[in-house]
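Architecture at a glance
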Amino acid sequence: QVQVVESGGGLVQTGESLRLSCAVSGRNILHLGMGWFRQTPGTEREFVAAINWNSSRKSYADTVKGRFTISRDNAKSTMYLQMNSLKVEDTAVYYCAVRNAAAAVANSALYNYWGQGTQVTVSS
């Protein structure tokens, strides 16, 4: 059984940083694309960042480009999201997602496994 577990969320003030982690078990992520999505109450889940299987391609939503950095360590079966210069509008539940394919994509429908989410709250 594939398990996807996010961690690292919390309550911070504007301008501060958080590092989210996503640990995957039950399947080798070596050749799988992965991504981060976020969702606030009353909204659809939106794309944040994606990374392909070997970290050669990364993509970011315009809203986070320059502030967030996605990375992965396949040997540790873990993906990360470094979130700097956090803004109030970054407040959301952040979800880790894993594909059954290698590319970095922004469409949530192209991901197959999802974590339970971790809450990020940014206060002013």
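Below is a summary of the structure that appears in this document. All of these numbers come straight from a predicted model, not from anything done at the bench.

Below, the discussion takes up the overall build of the chain. Scanning the chain from N- to C-terminus turns up zero helices and eleven strands. In sequence order, the secondary structure elements of the chain are arranged as β-β-β-β-β-β-β-β-β-β-β. Relative to its length of 124 residues, the chain is compact, with a C-alpha radius of gyration of 13 Å against a globular reference of 14 Å. C-alpha atoms of the chain, sized along the principal axes, occupy 40 × 25 × 25 Å. Within the chain, the proportion of its 124 residues that are buried is 41%. Contacts spanning at least 24 positions in sequence make up 59% of the contacts within the chain whose residues lie at least 6 apart. Accessible surface, the chain: about 6,200 Å² in total, of which carbon and sulfur atoms supply 47%. Both charge centroids of the chain, one from 12 positive and one from 8 negative side chains, sit 9 Å from each other.

Our focus in this paragraph is the packing of aromatic side chains. A full pass over the atoms with the stated rule returns four aromatic pairs. With 5.1 Å between their ring centres and 55° between their planes, Phe-37 and Trp-114 make a pair best called tilted. Of the two residues, Phe-37 is situated in strand β4 (residues 34-39) and Trp-114 in strand β10 (residues 113-114); the sequence distance between them amounts to 77 residues. A residue is classified by how much of its surface remains accessible, and Trp-114, at 28% relative accessible area, is partly exposed. Taken together, Phe-37, Phe-47, Tyr-111 and Trp-114 form an aromatic cluster joined through their ring pairs. It is Arg-19 that lies over the ring of Tyr-80; its NZ or CZ is 4.0 Å from the centre. Across from the ring centre of Tyr-95, 3.7 Å away, lies the NZ or CZ of Arg-45, which sits over that ring.

Ranked by internal contacts, the top residues of the largest apolar core, which has 34 residues, are Met-34, Trp-36, Leu-81 and Tyr-94. Taken together, the elements giving at least two residues each to this core come down to β3 (18-25), β4, β5 (46-51), β7 (68-73), β8 (78-83), β9 (92-98) and β11 (118-123). Once you skip the residues sitting within four places of it in the chain, Tyr-94 turns out to touch Glu-6, Leu-20, Trp-36, Phe-37, Arg-38, Val-48, Phe-68, Leu-81, Met-83, Gly-117, Thr-118 and Val-120.

This part covers the pattern of salt bridges. Applying the stated criterion across every chain yields a total of four salt bridges. Residues Glu-46 and Arg-38 are paired through a salt bridge, measuring 2.7 Å at the closest nitrogen-oxygen approach. Residue classification places Glu-46 among the partly exposed residues on the basis of a relative accessible area of 36%. When its relative accessible area of 5% is taken as the criterion, Arg-38 is described as buried. With a shortest N-O distance of 3.5 Å, Lys-65 and Asp-62 are connected by a salt bridge. In this pair, the class of Lys-65 matches that of Asp-62, namely exposed. The network of salt bridges with shared partners includes Arg-38, Glu-46, Arg-67 and Asp-90.

Definitions and cut-offs
- Residues numbered from 1 in each chain as written.
- Predicted model: local features only at pLDDT ≥ 70, side-chain atom pairs only at ≥ 80, totals over all residues.
- Heavy atoms only, no water.
- Helix = DSSP H or I, 4+ residues; strand = E, 2+ residues; numbered from the N terminus.
- Rg over C-alpha atoms; globule rule 2.2 N^0.38 Å.
- Buried < 20%, exposed > 50% of the residue type's maximum accessible area, 1.4 Å probe, protein only.
- Contact = heavy atoms within 4.5 Å.
- Areas by Shrake-Rupley, 256 points an atom, 1.4 Å probe, with all protein chains shown as cover.
- Lys, Arg positive; Asp, Glu negative; His and termini not counted.
- Charge placed at Lys NZ, Arg CZ, Asp CG, Glu CD.
- Phe/Tyr/Trp six-rings, centres within 6.5 Å; stacked < 30°, edge-to-face > 60°.
- Lys NZ or Arg CZ within 6 Å of the ring centre and 35° of its normal.
- Core = buried A, V, L, I, M, F, W, Y, C linked by side-chain atoms within 4.5 Å.
- Salt bridge = Lys/Arg side-chain N within 4 Å of Asp/Glu carboxyl O.

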